[in-house]
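Chains, contacts and geometry: an overview
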Amino acid sequence: MDRPTMSASLPPSLTPSHSRAEAVCFASLLLANATPERVVRLGLSGAAMAALLRRHFSPVPGAWHALAADLPTPAWASHAIFVVEMREMLRRRAHPMLHPADAADMATILATACLRPDHLWRDLGLTGRDDVTALLAHFFPSLVSENTANLRWKRFLAEACARAYGRAPAPAPGCPGCEAYGECFAHLRQTSVPIDFP
């Protein structure tokens, strides 16, 4: 597997305990969301976060133990079907060399980010689209190769998920609040048809 292009220069507050690229990907996400208000937006339960930290950042710094211990139950009940389907679609498309828990955690993080109203890279706390592309190329490479139209990643993932379940492509729950919604989904705008009167 290729190493992602995200920055590998990590502050000492969260140092990977091995050289696998997954640690770099997760560190980038965790460090970008390292406050109680933001870490909850990753969508992981406290148990899942604690297990992720143990897999990649042992010994786990105390501040990270505390963040994981204080995580509430993920609050995406109003979009549970979307999150569950997106997680399952991503998990099935994960690179076969990944640890199943890493694939599941990244699938949860991405599915949860699709609920927020911005570009996926901003929702994840990353610096740009290239970071999302690198992350997806590492965890879900077949999806990256399918984005031949170079769609924005949140739109592409939502459409791939809909197709995986036999539905027509539709926006992710967070898409309507995004500044680029009109550009991404112009084809969904209703058009009026002139009526000829006699």
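Right, let's walk through the structure included here. Residue positions are given per chain, counting from 1 as you read along its sequence in written order. At least 70 in pLDDT is required for a residue's local features to be given in this predicted model, at least 80 for side-chain atom pairs to be given and counted, and no such filter applies to totals for whole chains, interfaces and linings, which use all residues. Each side-chain value is derived from all of the structure's non-hydrogen atoms; neither hydrogens nor water enter the calculation.

**Describing the overall build of the protein chain**
In this description a helix means any DSSP run of H or I spanning at least four residues, a strand means any run of E spanning at least two, and both kinds are numbered starting from the N terminus. A tally of regular secondary structure across the protein chain gives 11 helices and zero strands. Between buried and exposed lies partly exposed: a residue is buried under 20% and exposed over 50% of the maximum accessible area for its type, with that area taken using a 1.4 Å probe on protein chains only. Burial statistics for the protein chain: of 198 residues in total, 44% are counted as buried. Put simply, 64% of the contacts in the protein chain that link residues at least 6 apart link residues at least 24 apart. In short, Shrake-Rupley with a 1.4 Å probe defines the accessible areas, and a residue's cover is counted only from the protein chains shown. Accessible area of the protein chain: about 10,000 Å², with a carbon and sulfur share of 58%. We call two residues contacting when some pair of their heavy atoms lies within 4.5 Å.

**Topic: unusual backbone geometry**
A cis amide bond links S58 to the next residue, P59, at an omega of 0 degrees. Tracing the backbone shows P59 in the loop between helix 3 (46–56) and helix 4 (62–69). Although it is not a glycine, N150 adopts a positive phi angle of roughly 55 degrees. In this fold, N150 is placed in the loop between helix 9 (141–146) and helix 10 (153–164). For N150, a relative accessible area of 56% corresponds to the exposed category.

**Things to note about the packing of aromatic side chains**
The pairing test for Phe, Tyr and Trp rings, Trp by its six-membered ring, is centres within 6.5 Å, and the orientation test on the planes gives stacked under 30 degrees, edge-to-face over 60, and tilted for anything in between. Under the counting rule described, the total for this entry stands at three aromatic pairs. When the ring of F26 is compared with that of F139, the centres are 5.5 Å apart and the planes differ by 75 degrees; the resulting orientation is edge-to-face. Of the two residues, F26 is situated in helix 1 (residues 21–32) and F139 in helix 8 (residues 129–139); the sequence distance between them amounts to 113 residues. Each of the two residues, F26 as well as F139, counts as buried. On the numbers, 6.1 Å between centres and 35 degrees between planes, the contact of F139 with F140 is tilted.

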